Amino acid sequence: MIAVIQRVSSANVEVNDKPSGSINVGLLVLLGVYKNDNEQDAEFLTNKIINFRIFPDDNSNMNLSIRDIQGSILVVSQFTICADWKKGRRPSFNNVAKPEKGEKLYEYFIKKIIENKIPVETGIFGEMMNVNLINSGPVTFVLDSNE
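The model shown is predicted, which means the values in this text are computed figures rather than measured ones.

Peer 1: How should the environment of isoleucine 54 be read in this particular structure?
Peer 2: Note that isoleucine 54 resides in the loop between helix 1 (39–51) and strand 4 (55–56). A relative accessible area of 2% places isoleucine 54 in the buried class. Sequence separation between isoleucine 54 and arginine 7 is 47 residues; the distance between their C-alpha atoms is 7.6 Å. Dropping the residues within four chain positions of it, isoleucine 54 is found in contact with Ile5, Arg7, Leu27, Met62, Leu64, Val139 and Phe141.

Next up, the structure:
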């Protein structure tokens with residue numbers, strides 16, 4: 001499972017020009033699921049993300065987590081970040097989970113965040129979405145449960 005996480009001042013997602021999810025200060029998480037991923041991958045990423053100290057403290061050091069700042073998380077499914085782009089000029093999606101499995105693990109990931117009492121907003125799995133964000137910093141990390 002792979003997540004591109006961006007520290008944001010605000011972010012929102014629209015589906016068919018209608019709002020789906022919106023947050024103020026927090027994290028935008030673009031989440032991709034590989035075909036070999038399982039619930040342990042979702043749990044690993046959840047724990048890493050909610051405890052990842054990437055928000056500034058009073059001395060402007062990255063020392064606070066999403067929990068510490070009482071921020072929110074916007075989760076958007078994005079299978080394209082699982083693409084294999086090393087050969088040729090067109091990405092291969094052979095390593096991406098089938099939609100049923102991808103959606104199940106996407107929902108499980110969200111459930112784990114909610115269980116940790118962090119406010120979560122979402123896009124709609126499998127839909128074309130427009131994502132808007134103000135990246136704070138900018139601060140962006142790629143977390144892969146397989147690495």
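Peer 1: What am I meant to see in helix 1 here?
Peer 2: Residue pairs three or four apart in sequence face the same way in an α-helix, which turns once every 3.6 residues. With 13 residues, helix 1 ought to run about 18 Å at 1.5 Å a step, and its terminal C-alpha atoms sit 18 Å apart, in line with that. Those residues of helix 1 not exposed but buried are Asp41, Ala42, Leu45, Thr46, Ile49 and Ile50. Burial along helix 1 is one-sided: seen end-on, the buried residues are contained in an arc of 145°. Turning to helix 1, the residues buried within the fold contact strand 1 (2–15), strand 3 (26–32), helix 2 (66–69), strand 6 (72–77), helix 3 (99–115) and strand 8 (129–144).

Peer 1: Explain the side chain of serine 72 to me, please; I cannot follow it from the model alone.
Peer 2: Position of serine 72 relative to the elements: it lies in strand 6. We classify serine 72 as buried; its relative accessible area is 18%. Filtering out sequence-adjacent residues up to four positions away, serine 72 remains in contact with Ile23, Val25, Gly26, Leu27, Ile66 and Pro119.

Peer 1: How do you make sense of the nonpolar core when you look at a structure like this?
Peer 2: Across soluble globular proteins, nonpolar side chains have a tendency to be buried as a group. Membership of the largest hydrophobic core comes to 27 residues, with the highest contact counts inside it found for Val29, Leu31, Ile49, Ile73, Val75 and Phe109. Elements that contribute at least two residues to this core include exactly strand 1, strand 3, helix 1, strand 6, helix 3 and strand 8. It is helix 3 that provides the largest number of residues to this core, a total of 6 residues. Residue contacts for isoleucine 49: discarding those within four places in its chain leaves Ala3, Ile5, Leu27, Val29, Ile66, Ile73, Phe109 and Leu143. Val15, Ile23, Leu28 and Leu30 belong to the second largest nonpolar core, which has 11 residues in total.

Peer 1: Help me out: how do you make sense of the layout of surface pockets in this one?
Peer 2: Over the atoms, a rolling probe the size of a water molecule traces out where space has been left empty. Taken as a whole, the largest pocket spans an internal volume of roughly 470 Å³. Along the wall of the largest pocket there are 23 residues; nearest its centre are Ser77, Gln78, Phe79, Glu127 and Met129. Among the secondary structure elements, those contributing two or more residues to the lining of the largest pocket are strand 3, strand 6, helix 3 and strand 8. At 4 residues, strand 3 tops the list of elements feeding residues into the lining of the largest pocket. Residue composition of the lining of the largest pocket, grouped by class: 15 nonpolar, 6 polar and 2 charged. If you add up the space inside the second largest pocket, you get close to 230 Å³. In terms of lining residues, the second largest pocket is bounded by 14 residues, among which Tyr34, Ala83, Lys86, Asp144 and Glu147 are the most central. The residue inventory of the lining of the second largest pocket, partitioned by class, reads 8 nonpolar, 2 polar and 4 charged.

Reading guide: rules and limits
- Residues numbered from 1 in each chain as written.
- Predicted model: local features only at pLDDT ≥ 70, side-chain atom pairs only at ≥ 80, totals over all residues.
- Heavy atoms only, no water.
- Helix = DSSP H or I, 4+ residues; strand = E, 2+ residues; numbered from the N terminus.
- Buried < 20%, exposed > 50% of the residue type's maximum accessible area, 1.4 Å probe, protein only.
- Contact = heavy atoms within 4.5 Å.
- Expected span 1.5 Å × (residues − 1).
- Arc of directions from axis to C-beta.
- Core = buried A, V, L, I, M, F, W, Y, C linked by side-chain atoms within 4.5 Å.
- 1 Å grid on protein atoms, 1.4 Å probe; cavity = no way out; pocket = protein on both sides within 12 Å on 5 of 7 lines; lining within 4 Å.
- Points joined across faces, edges and corners; volume = space filled by probe spheres on them.
- Nonpolar A, V, L, I, M, F, W, Y, C, P; charged D, E, K, R; others polar.

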